[in-house]
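Below are the chains, spelled out letter by letter.
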Amino acid sequence: MLSRRRLLLTVGLSVACPAVLRAAPLKLRLAHGLPATHPVHPAMQHFADLARERSQGELDIALFADGQLGQESDLISQVQAGKLDFLKVSASLLERFHPAYKVLNLPFTLRDRAHWLRVTNTDVGRDILATTTPAGLVGLTYYDAGARSFYGRKPINHPDDLKGMKIRIQPSETMTKLLQLFGAEAVELAWSNVYVALKSGVVDGAENSVVALIVGRHGEVATHYSFDEHTMIPDVLLVGAERMKAFTPRQRDILQEAATASYHHMNKLWEAFEAKARADVQQMGVTFVHPAKAPFIAKAAPLADIYAGEESSRVLLRRIAQA
């Protein structure tokens, strides 16, 4: 009789408290190198919130900003080793894992923001995201990081103005070759070191979106920002391939849907953030320069020709151009 009562009590608790049957939440971590004030952070928080909500608490993703767990190259290694679950990284770093990203990172391949949106939100963009899976990195979505231009202590009105300059870049073979074509020296530095390098003269300039002058305070040590807009390299949200395999099919669907929703959320955040950044940068006393793009495009042309010689790259370049 007592056993029957215990059985009834257990069944009653299960019906009254469904949480009893629910699996313990998966504690997951997502890291990136930018400060929480950058709009990509709330975009990824939106991703985490949606994943938690739609999985009914099964997927519990905590965010770590500002390089708390390491800079982007370190984070990639951690994800590949299974020590970290998700990360946000610039697409420029992914070109060492697959040549498709070299094409995406080529100067002047993406014509404007409307073209960028078409490429990143269609099959061509999704196909590029899938290329790093064999390297242990599954691309989930892109985030807008703006058009990248040169800035420093002098105006850049023509690519010849870059001759002899030391320019900070992210780790990227493509960008290194571009700077060589411009007669400049490429200096790879982690984001956290750029301000001091600009201030001390270790580098003469850098290349990034205009928001870097606010987020990284580079506007305090750079006097001119030249809108040559040579690249529109996105950020990429990735998950470890082994971690992705361990999720259930339902969980994988939830994560992809949440990532796509965060892509659209980021696009809205970026528009407002970039507009405010431009106004704030000018108030800091930085002079905006709007050079003719034709000389930059002409000088960079040999770089595109190198990759156009490879069949896969040639097909990808054509798909991007037609998007």
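Calculation rules
Residues numbered from 1 in each chain as written. Predicted model: local features only at pLDDT ≥ 70, side-chain atom pairs only at ≥ 80, totals over all residues. Heavy atoms only, no water. Helix = DSSP H or I, 4+ residues; strand = E, 2+ residues; numbered from the N terminus. Buried < 20%, exposed > 50% of the residue type's maximum accessible area, 1.4 Å probe, protein only. Contact = heavy atoms within 4.5 Å. Areas by Shrake-Rupley, 256 points an atom, 1.4 Å probe, with all protein chains shown as cover. Lys, Arg positive; Asp, Glu negative; His and termini not counted. Charge placed at Lys NZ, Arg CZ, Asp CG, Glu CD. pLDDT = per-residue confidence, 0-100. Pairing = 2+ DSSP bridges. Axes fitted to C-alpha atoms, helices over the stretch in contact; angles between N-to-C directions. Core = buried A, V, L, I, M, F, W, Y, C linked by side-chain atoms within 4.5 Å.

Draft legend 1. Focus on the overall build of the chain. Within the chain, the regular secondary structure consists of 13 helices and 11 strands. Along the first, second and third principal axes, the C-alpha atoms of the chain reach 90 × 45 × 30 Å. Buried positions account for 50% of the 323 residues belonging to the chain. Counted over contacts in the chain with a minimum sequence separation of 6, partners at least 24 positions apart contribute 76%. Of the roughly 14,400 Å² of accessible surface on the chain, a fraction of 55% belongs to carbon and sulfur atoms. Averaging the coordinates of the 37 positive side-chain charges in the chain and doing the same for the 33 negative ones gives two points 6 Å apart.

Draft legend 2. Focus on the confidence of the model for the chain. Residues at a pLDDT of 70 or more form 93% of the chain, whose mean pLDDT is 92. The low-confidence segment residues 1-20, where pLDDT is below 50, has two contacts with residues more than four positions distant or belonging to other chains.

Draft legend 3. Molecular detail of the environment of Lys 299. Note that Lys 299 resides in helix H12 (residues 294-308). On the basis of relative accessible area, Lys 299 is assigned to the partly exposed category, the value being 30%. In this structure, the C-alpha to C-alpha distance between Lys 299 and Pro 107, residues 192 residues apart in sequence, is 10 Å. Dropping the residues within four chain positions of it, Lys 299 is found in contact with Pro 159, Asp 160, Leu 181 and Phe 182.

Draft legend 4. Up close: the sheet that holds strand E2 (residues 59-64). One open sheet accounts for five strands, arranged E2-E1-E3-E10-E4; its pairing is mixed. Of all the strands in the sheet, the pair left with one neighbour each is E2 and strand E4 (137-143). Geometrically, the sheet is characterised by an average inter-axis angle of 25 degrees between neighbouring strands, direction not taken into account. Relative to strand E3 (residues 86-90), strand E1 (residues 26-31) runs parallel, the two sharing two bridges. Directly across from Leu 30, in E3, lies its bridge partner Phe 86. Along the sheet, helix H2 (residues 40-54) contacts E1, E2, E3, E4 and strand E10 (235-240); its crossing angle with E2, the most-contacted strand, is approximately 165 degrees.

Draft legend 5. Up close: the nonpolar core. Ranked by internal contacts, the top residues of the largest apolar core, which has 51 residues, are Phe 47, Ile 61 and Phe 86. Ranked by residue count, the leading element in this core is helix H11 (residues 249-283), at eight residues. Not counting residues up to four positions away in its chain, the partners in contact with Ile 61 are Leu 28, Leu 30, Phe 47, Ala 48, Ala 51, Arg 52, Phe 86 and Leu 255. Counting 48 residues, the second largest nonpolar core, distinct from the first, contains Leu 129, Phe 150, Leu 238 and Tyr 263.

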